[in-house]
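Report on the structure
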Amino acid sequence: MSRQYRVAVVGATGAVGEEMRRTLAERGFPVSELTALASARSAGKELAFGDQNIVCRELREDSFADIDLALFSAGGSISAKFAPIARDSGCVVVDNSSSWRMDPAVPLIVPEVNPHDAEWHSGIIANPNCSTIQMVVALKPLHDAVQIKRVVVSTYQAVSGTGVEAVTELQRQVKDISEGRGAQVAVYPHQIAFNCLPHIDVFLDDGSTKEEQKMVDETKKILGDTSIAVSATCVRVPVYDGHSEAVNLEFEREITPDQARDLLARTPGIVVEDNPETYLYPLPIRASGTDPVYVGRIRRDPTVRHGLNLWVVADNLRKGAALNAVQVAELLVQKNLIRVP
Ligand code: A2P
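Our subject in this report is the structure included herewith.

The rules we used
Residues numbered from 1 in each chain as written. Predicted model: local features only at pLDDT ≥ 70, side-chain atom pairs only at ≥ 80, totals over all residues. Heavy atoms only, no water. Helix = DSSP H or I, 4+ residues; strand = E, 2+ residues; numbered from the N terminus. Buried < 20%, exposed > 50% of the residue type's maximum accessible area, 1.4 Å probe, protein only. Contact = heavy atoms within 4.5 Å. Axes fitted to C-alpha atoms, helices over the stretch in contact; angles between N-to-C directions. Parallel < 35°, antiparallel > 145°, perpendicular 65-115°, else oblique. Left-handed = near helix turned anticlockwise from the far one by under 90°. Expected span 1.5 Å × (residues − 1). Pairing = 2+ DSSP bridges. Phe/Tyr/Trp six-rings, centres within 6.5 Å; stacked < 30°, edge-to-face > 60°. Salt bridge = Lys/Arg side-chain N within 4 Å of Asp/Glu carboxyl O. Core = buried A, V, L, I, M, F, W, Y, C linked by side-chain atoms within 4.5 Å. Near = heavy atom within 4 Å. Polar contact = N/O pair within 3.5 Å; in protein donor to acceptor, adjacent residues only side chain to side chain. Areas by Shrake-Rupley, 256 points an atom, 1.4 Å probe, with all protein chains shown as cover. 1 Å grid on protein atoms, 1.4 Å probe; cavity = no way out; pocket = protein on both sides within 12 Å on 5 of 7 lines; lining within 4 Å. Sits in = over half its atoms within 2 Å of the grid points. Domains from an automatic or database assignment.

1. A few points about unusual backbone geometry
- The phi angle at Gln147 is positive, at roughly 60°, despite the residue not being glycine.
- With respect to the helices, strands and loops of the structure, Gln147 is situated in the loop between α3 (130-146) and β9 (148-157).
- Residue Asn336 is not a glycine yet carries a positive backbone phi of 55°.
- Of note, Asn336 is situated in the segment after α8 (318-334).

2. Things to note about the environment of Val7
- Relative to the assigned elements, Val7 resides in strand β1 (residues 5-10).
- The class for Val7 is buried, based on a relative accessible area of 0%.
- In this structure the C-alpha to C-alpha distance between Val7 and Ser63, which are 56 residues apart in sequence, comes to 11 Å.
- Apart from residues lying up to four places away in sequence, Val7 is in contact with Leu24, Phe29, Val31, Glu33, Leu34, Thr35, Ile67 and Leu69.

3. As for the environment of Ala105
- Along the chain, Ala105 turns up in the loop between β7 (92-95) and β8 (124-126).
- Sequence separation between Ala105 and Ile228 is 123 residues, and the spatial gap between their C-alpha atoms is 22 Å.
- When sequence neighbours within four positions are dropped, the list of residues in contact with Ala105 reads Trp120 and Ser122.

4. A look at the packing of helix α1 (residues 15-26) against α8
- Look at α1 against α8: their axes get within 9 Å of each other, and the N-to-C directions meet at 50°. The orientation of α1 relative to α8 falls into the category oblique. Both α1 and α8 take part in a crossing whose hand is right-handed. For the pair formed by α1 and α8, the contact residues are Val16, Glu19, Met20, Arg22, Thr23, Leu24 and Glu26 on the first element and Arg318, Ala321, Ala322, Leu323, Ala325 and Val326 on the second.

5. Looking at helix α5 (residues 210-223)
- For α5, which comprises 14 residues, the first-to-last C-alpha distance of 20 Å matches the rise-based estimate of 20 Å (1.5 Å per residue) to within 8%.
- Regarding α5, the residues found buried are Glu211, Glu212, Lys214, Met215, Val216, Glu218, Thr219, Ile222 and Leu223.
- As for α5, its buried residues are in contact with α3, β9, β10 (229-236) and β11 (243-251).
- In the stretch just after α5, Gly224 is the one whose phi turns positive, near 65°.

6. With respect to the sheet that holds β7
- Strand order in the open sheet formed by 6 strands is β5-β2-β1-β6-β7-β8, with parallel pairing between adjacent strands. What marks the edges here is a single partner per strand, and that holds for β5 (57-58) and β8.
- Note that strand β2 (residues 31-38) and β5 share 2 bridges and pair parallel. Looking at β5, one finds that Ala38 is bridged to Glu58.
- Running at roughly 155° to β1, α1 makes contact with β1, β2 and β6 (69-72) of the sheet.

7. Quick look at the packing of aromatic side chains
- Per the stated rule, a full pass over the model turns up 3 aromatic pairs.
- Between Tyr5 and Phe29, the aromatic rings sit 6.3 Å apart at their centres with planes inclined by 45°, giving tilted as the arrangement. Of this pair, Tyr5 sits in strand β1 while Phe29 sits in the loop between α1 and β2, placing them 24 residues apart in sequence. By the burial criterion, Tyr5 is buried, and Phe29 matches it.
- Taken together, a centroid distance of 5.7 Å and an interplanar angle of 15° make the contact between Phe64 and Phe72 stacked.
- Residue class for Phe64 comes out buried when judged on its relative accessible area of 0%.

8. Re the pattern of salt bridges
- Counted under the stated rule, the structure contains 27 salt bridges.
- Salt-bridge contacts for Arg87 lead to Asp88; the nearest nitrogen and oxygen are separated by 3.3 Å.
- Classification of Asp88 by relative accessible area gives exposed; the value is 62%.
- The salt bridge partner of Lys214 is Asp201, with a shortest N-O separation of 2.9 Å. Separated by 13 residues along the polypeptide, Lys214 in helix α5 and Asp201 in the loop between α4 (164-178) and α5 bring together distant segments of the chain.
- Within this structure, Glu18, Glu19, Arg22, Glu26, Arg27, Asp291, Arg318 and Glu330 form a network of salt bridges that share partners.

9. Here's the deal with the nonpolar core
- One finds Phe64, Leu142, Val151, Val247, Leu249 and Val295 to be the most contacted residues of the largest nonpolar core, which totals 55 residues.
- In terms of residue count, the dominant contributor to this core is α3 (8 residues).
- Look past the residues within four positions of Val295 in its chain and what remains in contact with it is Ala138, Leu264, Ile270, Val271, Val272, Glu273, Pro282, Leu310, Trp311 and Val312.
- Counting residues in hydrophobic clusters, the runner-up holds 35 residues, among them Val7, Ala15, Val92 and Leu337.

10. A look at the site of the ligand
- Surveying the vicinity of the ligand reveals 16 residues, the closest of which are Thr13, Ala15, Ser39, Arg41 and Ser42.
- Backbone polar atom of Gly11 to an oxygen atom of the ligand: 3.1 Å apart, as the coordinates give it.
- Here an oxygen atom of the ligand and a backbone polar atom of Gly14 are 3.0 Å apart.
- Expressed as a share of its isolated accessible area of 570 Å², the protein-covered part of the ligand is 71%.
- Cavity membership is defined here by more than half of the atoms lying within 2 Å of grid points; on that basis the ligand lies in the largest pocket.
- Both domain 1 (5-127 + 321-334) and domain 2 (132-316) contribute no fewer than three residues apiece to the shell around the ligand.

What follows is the structure, given as C-alpha cells:
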C-alpha cells in the first residue's frame, strides 16, 4: 500500500483552513489521520473532513509530535512562531502566511511554475500570496516564450482573502444599507459595501502597500528572474470570492494575441475565456468554487513595442491559497520529499 501521511491543518476553522480540509478530501490526498488545530476558542468544535467529523484542538507547542505534514493558515505571527517548532518536530510545513516567503532558505512554490524548487526545502515551504499565484500561472508560459520585461498589474481582490470576519462584514453592510441603516465599519478602515479600497495590508514608507510589495518580490522569486520589473496596485472590492487582475505586459520579443491565446490555452491549470462577440471573459462569480486560473481579454497594447493586456481571474481561496498548498503537498508526495532533511 502506498504511504499515508498524518496531516495537520493549522487555522482549520478559518476561510482558508476550511478550504484546505475540503481540498485534501476532494483530491484524495493520502491522509491517514487529519488533525485540525486552531485557537483555544475553537477547541472541541466539530469540523468536517470529507464525510467524517473531526474535533478541533488547540494549537500548542507539542501539537506536531505525531504529524508528518502541516498546512498552516492561521496568520503570520502563528506561522513565525510555530512553523519552526513543527519543523523541529520532524514535520514538513507548507505555510500560507507571508512570514517565510522571502526567506532565501525557503522555497516559494507554484507547482505549475517552479516545481523544481521543492527539491531544496529544509522543512518549510511557502505558499505565495493569492494575487501573485494566479498571475504567475498566466505569466510563466509567456515569459518562457518571449521574456517579460515589465508587468503592470491592478488587482480587484475579494473580501474572503481577508478572512471569515470580512465576509460577514460585507454581508452585514449590504443588508444594513439596503434596509436604510448606516454601515458599521470594523474590519476595514472604510465601508467595503458598494465601495473600492485601494489599500490591502499595511502601508510602507514609499507609499506602496505590503500586498503590492509582495506581488513585486514574490513574482521575481517564483519566476527565478530578478530582471522583471513589476508595478502593482492592489484594491479590495465588494466581491465575496474570486480575485481579478488587469495585467499589462511588455516583452523582449514579439507575440501576437492569437499566439498568446494558444499558448495559454495549452498550459495546464489555465482556462482561456476570450470571446468578445459572446461577451465571454473571466468573471469572479464563475471562477468561485473552481480550480483553474482563467485568462481573457487578451489583446495588444499598442503603446509599447511588444505589449499585451490580459484579464486574469481565480478563486483566491482555492488556487490562491488552499489548492496551491495542497498541490505543493502532492508534489512533495510525488518527489518523496515529505521528510525534514
Ligand atoms: P479560531 O477560529 O479559533 O480563531 P480567518 O483568516 O478565516 O479569520 O482564519 C484564521 C484562522 O487562524 C482560524 O482558524 C483561527 O482560529 C486561527 N487562529 C487565530 N489565532 C490563533 C491562535 N492564537 N492559535 C491558533 N490558531 C489561531
